[in-house]
Amino acid sequence: MIPDLTNASAETSEYYALSEEIRTAAKAIAGPPRPMTHIEVLLAIGMAIANERKAAKRGER
């Protein structure tokens, strides 16, 4: 099942644009979701903030 992609990131949209067969194979290879370490969470948040600032400077927000 493909979720509503209205507000999805480009990566999420590209992933769901792949065939179901490829998505299934990717899930099998990646395995179950893993919890993130604290530094991984900080990195993800920091990257999101940096990307938002870059978008704002380009006038996208």
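In this text the structure is predicted, and so the values were computed from the model without any measurement.

Rules and cut-offs
- Residues numbered from 1 in each chain as written.
- Predicted model: local features only at pLDDT ≥ 70, side-chain atom pairs only at ≥ 80, totals over all residues.
- Heavy atoms only, no water.
- Helix = DSSP H or I, 4+ residues; strand = E, 2+ residues; numbered from the N terminus.
- Rg over C-alpha atoms; globule rule 2.2 N^0.38 Å.
- Buried < 20%, exposed > 50% of the residue type's maximum accessible area, 1.4 Å probe, protein only.
- Areas by Shrake-Rupley, 256 points an atom, 1.4 Å probe, with all protein chains shown as cover.
- Expected span 1.5 Å × (residues − 1).
- Patch = residues over 30% accessible without salt bridge, like charges linked within 9 Å, V, L, I, M, F, W, Y side chains within 5 Å.
- Salt bridge = Lys/Arg side-chain N within 4 Å of Asp/Glu carboxyl O.
- pLDDT = per-residue confidence, 0-100.

1. Comments concerning the overall build of the protein chain
Looking only at helices and strands, one finds three helices and zero strands in the protein chain. Ordered by position from N to C terminus, the α and β elements of the protein chain give α-α-α. Relative to the globule expectation of 10 Å for 61 residues, the C-alpha radius of gyration of the protein chain, 15 Å, shows a markedly less compact shape. Each of the three principal axes of the protein chain carries a C-alpha extent, and together these read 40 × 30 × 15 Å. With 61 residues in all, the protein chain has 3% of them scored as buried. For the protein chain, the computed accessible surface area is about 5,600 Å², with 62% contributed by carbon and sulfur atoms.

2. Points about helix H3 (residues 38-57)
Taking 1.5 Å per residue as the helical rise, H3 with its 20 residues ought to reach 28 Å, and the 29 Å between its terminal C-alpha atoms agrees with that figure. In the segment just after H3, Gly 59 is the residue with positive phi, at about 85°.

3. Brief notes about a nonpolar patch on the surface
Together, Met 36, Val 41, Ile 45 and Ile 49 give the surface a local cluster of nonpolar side chains, amounting to about 340 Å² of exposed area. Relative to the helices and strands, Ile 45 is located in helix H3.

4. Examining the confidence of the model for the protein chain
Interpreting fine coordinate detail is not advised for predicted regions of low pLDDT. The pLDDT averaged across the protein chain works out to 89; a share of 98% of its residues lies at or above 70. At the level of individual helices and strands, the protein chain shows its lowest average pLDDT in helix H1 (residues 10-17), which scores 90, and its highest in helix H2 (residues 20-30), which scores 93.

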